[in-house]
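# Understanding the architecture of this molecule
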Amino acid sequence: TTVVAFSSCAGTARPAAESASGTIAGTNISWSFDKDTTALILEGSGEIPNFESSTAVPWYNARHGVKKLQLSEGITAIGDYAFYYLPVLEEIVLPTTTTSFGKYSFAFCSALTSFSVPEGVTSIGDSCFEGCAALKTVFVPHTTTSIGQRAFLSCGALEDAIIMAQITEIKSEQYGNMYIKDA
């Protein structure tokens, strides 16, 4: 006879994220999380690489404490899963040097209410903002030429989406429950 017991996690408080810092292997990018300011700051130059999953990012243990994300000038790309499931993230400050967002890069950041894609970003990956349930406003500039599938899926609070992008194709499930109408 095998007995399996499960302990409920519902209702239990998450431990406070501790301050931490490090570098992203193989890059010129360092990161730091300050539990007092609740800011995750990445500095350096080059691309934040693709990660295999959200658990592979070096700041994984801080994810429940990050309310502000700030990237320095010189960071050119945000890789897959880089900022997946930062559930209390409210503010994102990105540099003008960023040109692309990978798949699931900001997915399930459920406290994020508004986001403006910086000028110069040409591509937004599949499921980039999927599950950002509190996202009310989004702006995508004319420099964006590619928006992946399910990019804004399950963004149920979305009220204002201004998409200036020069997209040649709208892929299935790109916007999920968002309506697109001609101006």
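Quick notes on the rules
Residues numbered from 1 in each chain as written. Predicted model: local features only at pLDDT ≥ 70, side-chain atom pairs only at ≥ 80, totals over all residues. Heavy atoms only, no water. Buried < 20%, exposed > 50% of the residue type's maximum accessible area, 1.4 Å probe, protein only. Helix = DSSP H or I, 4+ residues; strand = E, 2+ residues; numbered from the N terminus. Pairing = 2+ DSSP bridges. Core = buried A, V, L, I, M, F, W, Y, C linked by side-chain atoms within 4.5 Å. Contact = heavy atoms within 4.5 Å. Disulfide = S-S within 2.5 Å. Axes fitted to C-alpha atoms, helices over the stretch in contact; angles between N-to-C directions. Phe/Tyr/Trp six-rings, centres within 6.5 Å; stacked < 30°, edge-to-face > 60°.

Turning next to the pairing of strand β4 (residues 68-71). Residues in a regular strand point their side chains to alternate faces of the sheet. Burial along β4 is one-sided: the face carrying L69 and L71 is buried and the face carrying K68 and Q70 is not. Taken together, the four bridges between strand β3 (residues 39-48) and β4 define a ladder with parallel strand orientation. Bridge assignment links L42 to a residue of β4, and that residue is L71.

This next bit is on the nonpolar core. Grouped together as the largest cluster of nonpolar side chains are 46 residues, with contacts concentrated most on L42, I48, F83, F101, F106, F115 and I124. Looking at this core, the elements with two or more residues in it are β2 (28-34), β3, β4, β5 (75-78) and β10 (137-140). Discounting chain neighbours no more than four positions away, the residues touching I124 are F101, V117, F129, V140, T144, S146, I147, G148 and A151.

In this section: the state of the cysteines. Under the counting rule described, the total for this entry stands at zero disulfides. Of the cysteine sulfurs around C128, a residue in no disulfide, the closest is that of C132, at 7.9 Å. A relative accessible area of 0% places C128 in the buried class. For the unlinked cysteine C155, the closest cysteine sulfur is that of C132, found at 5.3 Å.

Below, the discussion takes up the sheet that holds strand β8 (residues 114-116). Overall, parallel pairing links the three strands, which are arranged β8-β10-β12 in an open sheet. The open sheet has two edge strands, β8 and β12 (160-163), and neither has a second partner. Strand-to-strand twist in this sheet, taken as the mean axis angle between neighbours without regard to direction, amounts to 5°. Pairing analysis gives three bridges linking β8 to β10, with the strands arranged parallel. Each bridged residue has a counterpart across the sheet, and for S116 the counterpart in β10 is F139.

Below, the discussion takes up the packing of aromatic side chains. Overall, the coordinates contain 15 aromatic pairs when judged by the stated rule. Ring plane angle 70° and centroid distance 5.9 Å describe the contact between W31 and W59, whose orientation is recorded as edge-to-face. Highlighted residues: W31 in strand β2 and W59 in the loop between β3 and β4, separated in sequence by 28 residues. The residues W31 and W59 share a single accessibility class, namely buried. Pairing F106 with F115 gives two aromatic rings, centres 5.6 Å apart and planes at 45°, and the pair type is tilted. F115 gets classed as buried once you look at its relative accessible area, which sits at 5%. Each residue in the set W31, F51, W59, F83, F101, F106, F115, F129 and F152 is aromatic and connected to the rest through ring pairs, giving one cluster.

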